[in-house]
Amino acid sequence: MAQQQQQQEPQDKSGYDVVVIGSGAGGLSAALTAKLEGLDVLVVEKTDRIGGSTAISGGAVWVPLNDQAEAAGHPDTREKALTYLQNTVGAAGDEALRHAFLDAGPRALRYLREHTDVKLAARTYSPDYYPDREGAAMGGRSLDPIEFDGRLLGAHFKTLRDPLPEFCVLGGMMVNMTDVKHLLGVWRSLASWKHGVKLVLRYFGDRLSGHHRGTRVLLGNALAARLFHSVLKEGIPFWTGTPALGLERDADGRVTGVKLRRDGREITVHARRGVVVATGGFPWNAALRGQHYPAPTGPYSMSPQDNTGEGIAMARDAGGTLGTGHAGPALWAPVSLLTRPDGSVLRYPHLVWDRAKPGLIAVDARGERFVNESTSYHEFVRGMYRANEKAPAVPALLVCDSDFVEKWGLGLALPGGRPREHLVRAGYLLRADTLEGLAKQAGVDPAGLVRTVAAYNPPAAQGQDPAFGKGGDAYNRYLGDPDHQPNACLAPVRRAPFYAVKVYPGDIGTALGIRADGNARVLDAQGAPIAGLYVAGNDMHSVMGGEYPAPGITLGPALTFGWVAGMHLAHGCEARV
C-alpha cells in the first residue's frame, strides 16, 4: 500500500513545496531536510531504482570538524582543515563555498544523525590523500556508513539500486575490506573462519528467503539504504521511472516547477518553494565528455550510465552557468575493461585494493613506469595523462608476478588460486612465462619492460623506490600490506608466470558542474542566485574544484549542500540548527 501511495500522482494539483530531481545523497538529503522542516516534498528519479551514484560508491563521507573526530582520536580545528584545503585545493575551488562547507558540514551530519536513519562512524585511521601536506589528518575526517539491514526496507529493498558487482562475492553478498581479509584467511585463522561462516550463512539465508541478493548492506549502498529508509518513514512521495524534461519559470525568471514524463505522458508538477537539481553530473554524456575531458577519453566511468547531464542542462537553460578555474572536470580512477561474451563491458575500478600492494608496477607503452602506483586513484590517472612528452599512458599496464596474483589478485582476477582462465581467454588478464612475452601481448616495448623491472627489483627488495617513492607516505602504506617489511608497498616482480591488465582513464563522477552559492542556490552569469533553483551532489560545481584531497569528498559535500538547500527552502535564510 505504501508503494502505491507513494507512486500516485498528487491529488493537490497546485503541486508541492519542493520537487527534488535525483535520488542520490544530495537529493535525498535535501528532500529529508525540507520534509523535516515542514515542507511538502516530491522526489523524482528517472531510473527504476533509488540511490543514484551513492548506492554504487564506496560510501566514504569526508567532513572536517565533525563531532566524532575527537572520539576517533583525531581532534580537528578549523584552522587545520582550512590549511589542508588551501594546500590541496587552493585557487581551484571557490573560497566562499569552502567556508560554507566547513560551516555547514558538521551541522548537516549532526542533523541527519538526530532526525533520520543516517548513521556514520568516523574512521580511527584513514590518512588524507596528501598526508605530508600541512593540515592533513590521519583520521577522523572520513566517516563510513554503518551497516544496514536491507530487510527493513521490506518490498522496497528491490527498489534500492544494487551495488557494483565488484563489492560482492558469491553473486550478491556485499563485503568490505575487513570481510575480504577474513575470507582470504578463512583456513588460516579460527576468527576468520567464524567471520566467514557467519557471513555466508546470513547470505544463503537471505537467498533462501527469496531476496535477490544479500540483505547485509554496506558501503555507499548502506548510505543510500539509510536515506531511502528515512524517506519511507517520513512518507515522502517518490516517483521512479520519471525523467525530468525541463524547468518551469515565471515571467520574472523564478523556477516554479518541473516538466516530467510519467507513465508515457508529459506532466508539469509545480514547486511552490523551489526545485533541487541533483541528477549526478554528466560522466555518460559523450558530447560533454569530449568537450571538457582531456584526450583520449572514452566510456570508462564507474557512475551509473543514466548520469548523462540532464540536470546540468536544465539548470543552464534556466540561466545557470558552469564553474570555471577548476583543476579538472572529473574525479579520476583507473578502470580495467572485460568484454563479456554478449558484447557488454564490465568495468572494474582499481581504487584501493591492488595498486598499492607490494609487487605491482604500472608501465606505459614504452614499458616504463610513470607514476607512484600507490598514490590515490585520482593522482594515478593524472599520471597517466602526463606520462611522457609524446603520449599519455592510455592504456597503462599493471604488471605483477604469480606470487602477487596468488596473494592479492589483480582486478577481476581473484587471489588464492581461484579460477581465472576465463579472464585469460577473454583477453582481460594477460599471462606469459617471460616479461618479453607479456609485453608483446600487451603491445608494450619488451626491452623497455625488461629494463624497467631490472631497475625496479633491487631497490624494491630493500624497501626503496628512488624513481617514484612508492610507499613513501602514510596514505601509501595505509593501502599496502602492513605485514610486509621493510616497505608495505614494495616487493620485486620476479616469479613467472607474469600477469598484467590494461587500465584506462576512468572516473567516479564529474567535478565540473553548476555554480552555486553557500546556500546551494544556482547562480546566473552575473553571480546572482536564480530564485527557486538549487543544486546538490555532482550537478553542483565541486567545492574541491576538481582536486581530490581525501576519501569522501563527493558524498561529504553532497549530504552537506543537500541539507543546506533543504534548510534554505524551508526558512529562506542561512541554514541554522
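Residues numbered from 1 in each chain as written. Predicted model: local features only at pLDDT ≥ 70, side-chain atom pairs only at ≥ 80, totals over all residues. Heavy atoms only, no water.

Q: I'd like a description of the pattern of salt bridges, backed by residues and values.
A: Tallied over the full model, the rule gives 30 salt bridges. One salt bridge in this structure joins Arg-202 and Asp-149, with 3.3 Å as the shortest N-O distance. On the criterion of sequence distance, the pair formed by Arg-202 in helix 6 (residues 190-208) and Asp-149 in strand 6 (residues 148-149) is long-range, its members being 53 residues apart. When its relative accessible area of 24% is taken as the criterion, Arg-202 is described as partly exposed. Taking relative accessible area as the criterion, Asp-149 reaches 25% and is therefore assigned partly exposed. Close ionic contact of Glu-379 with Arg-386 constitutes a salt bridge, the shortest N to O distance being 3.7 Å. The class for Glu-379 is buried, based on a relative accessible area of 12%. (Salt bridge = Lys/Arg side-chain N within 4 Å of Asp/Glu carboxyl O. Helix = DSSP H or I, 4+ residues; strand = E, 2+ residues; numbered from the N terminus. Buried < 20%, exposed > 50% of the residue type's maximum accessible area, 1.4 Å probe, protein only.)

Q: Describe the packing of helix 3 (residues 78-88) against helix 4 (residues 95-115), and please don't skip the residues or the numbers.
A: Contact geometry for helix 3 and helix 4: axes closest at 11 Å, N-to-C directions at 145 degrees. Our pair here, helix 3 against helix 4, has a crossing hand that is right-handed. The segment helix 3 lies against helix 4, with Arg-78, Ala-81, Leu-82, Leu-85 and Gln-86 engaging Arg-98, His-99, Leu-102 and Asp-103. Classifying every residue of the contact of helix 3 with helix 4 by side-chain character gives four nonpolar, two polar and three charged. (Axes fitted to C-alpha atoms, helices over the stretch in contact; angles between N-to-C directions. Left-handed = near helix turned anticlockwise from the far one by under 90°. Contact = heavy atoms within 4.5 Å. Nonpolar A, V, L, I, M, F, W, Y, C, P; charged D, E, K, R; others polar.)

Q: Any chance you could break down unusual backbone geometry for me, citing the residues and the numbers?
A: Here Val-394 and Pro-395 are connected by a cis peptide whose omega angle stands at -5 degrees. With respect to the helices, strands and loops of the structure, Pro-395 is situated in the loop between helix 10 (377-385) and strand 17 (396-401). The amide bond that connects Gln-485 to the next residue, Pro-486, takes the cis arrangement and shows omega of 15 degrees. Mapped onto the fold, Pro-486 is located in the loop between helix 15 (474-479) and strand 19 (498-510). At Asp-263, a residue that is not glycine, the phi angle is positive and equals roughly 50 degrees.

Q: Describe helix 6, with residues and values.
A: Each α-helix turn comprises 3.6 residues. Residues three or four places apart therefore point the same way. Compared with an ideal rise of 1.5 Å per residue, which puts 19 residues at 27 Å, helix 6 spans 27 Å between its outermost C-alpha atoms and is within 8% of the ideal. Contacts from the buried residues of helix 6 go to strand 8 (173-174), helix 5 (177-184) and strand 9 (216-217). The opening residue of helix 6 is Ser-189, an N-cap whose side-chain oxygen sits 3.3 Å from the backbone nitrogen of Ala-191. Gly-210 sits one or two residues past helix 6 and shows a positive phi near 100 degrees. (Expected span 1.5 Å × (residues − 1). Polar contact = N/O pair within 3.5 Å; in protein donor to acceptor, adjacent residues only side chain to side chain.)

Q: Residues and numbers for the packing of aromatic side chains, please.
A: How two aromatic rings sit relative to each other is given by the distance of their centres and the angle of their planes. Evaluated as defined, the whole model comprises 16 aromatic pairs. Ring geometry for Tyr-111 versus Trp-563: centroids 6.1 Å apart, planes at 55 degrees, classification tilted. Remark: Trp-563 occurs in helix 16 (residues 555-571) and Tyr-111 occurs in helix 4; sequence separation between them is 452 residues. A relative accessible area of 0% places Trp-563 in the buried class. Aromatic pair Tyr-129 and Tyr-548: ring centres 5.6 Å apart, planes at 35 degrees, arrangement tilted. With Tyr-129 in the loop between strand 4 (120-122) and strand 5 (142-145) and Tyr-548 in the loop between strand 21 (529-535) and helix 16, this residue pair connects regions lying 419 residues apart in the sequence. An identical accessibility class is assigned to Tyr-129 and Tyr-548; each is buried. Members of the aromatic cluster, joined through ring pairs, are Tyr-129, Tyr-377, Tyr-475 and Tyr-548. The side chain of Arg-133 reaches across the aromatic face of Tyr-130, ending 4.2 Å from its centre. Taking the ring centre of Trp-353 as reference, the NZ or CZ of Lys-357 above it sits at 4.6 Å. (Phe/Tyr/Trp six-rings, centres within 6.5 Å; stacked < 30°, edge-to-face > 60°. Lys NZ or Arg CZ within 6 Å of the ring centre and 35° of its normal.)

Q: Now, about the pairing of strand 16 (residues 360-363): what can you tell me, with residues and values included?
A: Because side chains alternate across strand 16, one face comprises the buried residues Leu-360 and Ala-362, and the other comprises Ile-361 and Val-363, equally buried. Here strand 16 pairs with strand 17 via four bridges, running antiparallel. Note that in strand 17 the partner of Ile-361 across the bridge is Val-399. (Pairing = 2+ DSSP bridges.)

Q: Give a detailed account of a nonpolar patch on the surface, specifying residues and quantitative values.
A: The grouping of Trp-187, Leu-190 and Trp-193 at the surface amounts to a nonpolar patch, some 440 Å² of accessible area in total. Following the sequence through the fold, Trp-193 ends up in helix 6. (Patch = residues over 30% accessible without salt bridge, like charges linked within 9 Å, V, L, I, M, F, W, Y side chains within 5 Å. Areas by Shrake-Rupley, 256 points an atom, 1.4 Å probe, with all protein chains shown as cover.)

Q: Before we move on, can you summarise the nonpolar core with the specific residues and values?
A: Ile-21, Leu-247, Val-275, Val-276, Phe-370, Leu-410 and Leu-533 are the most contacted members of the largest nonpolar core, which has 151 residues in total. When residues of this core are assigned to their parent elements, the largest contribution, 10 residues, is made by helix 16. Discounting chain neighbours no more than four positions away, the residues touching Ile-21 are Val-44, Ala-244, Leu-247, Val-258, Val-275, Val-276, Val-277, Ala-278, Thr-279 and Met-314. With 19 residues, the next largest nonpolar core counts Val-399, Leu-449, Val-493 and Ala-500 among its residues. (Core = buried A, V, L, I, M, F, W, Y, C linked by side-chain atoms within 4.5 Å.)

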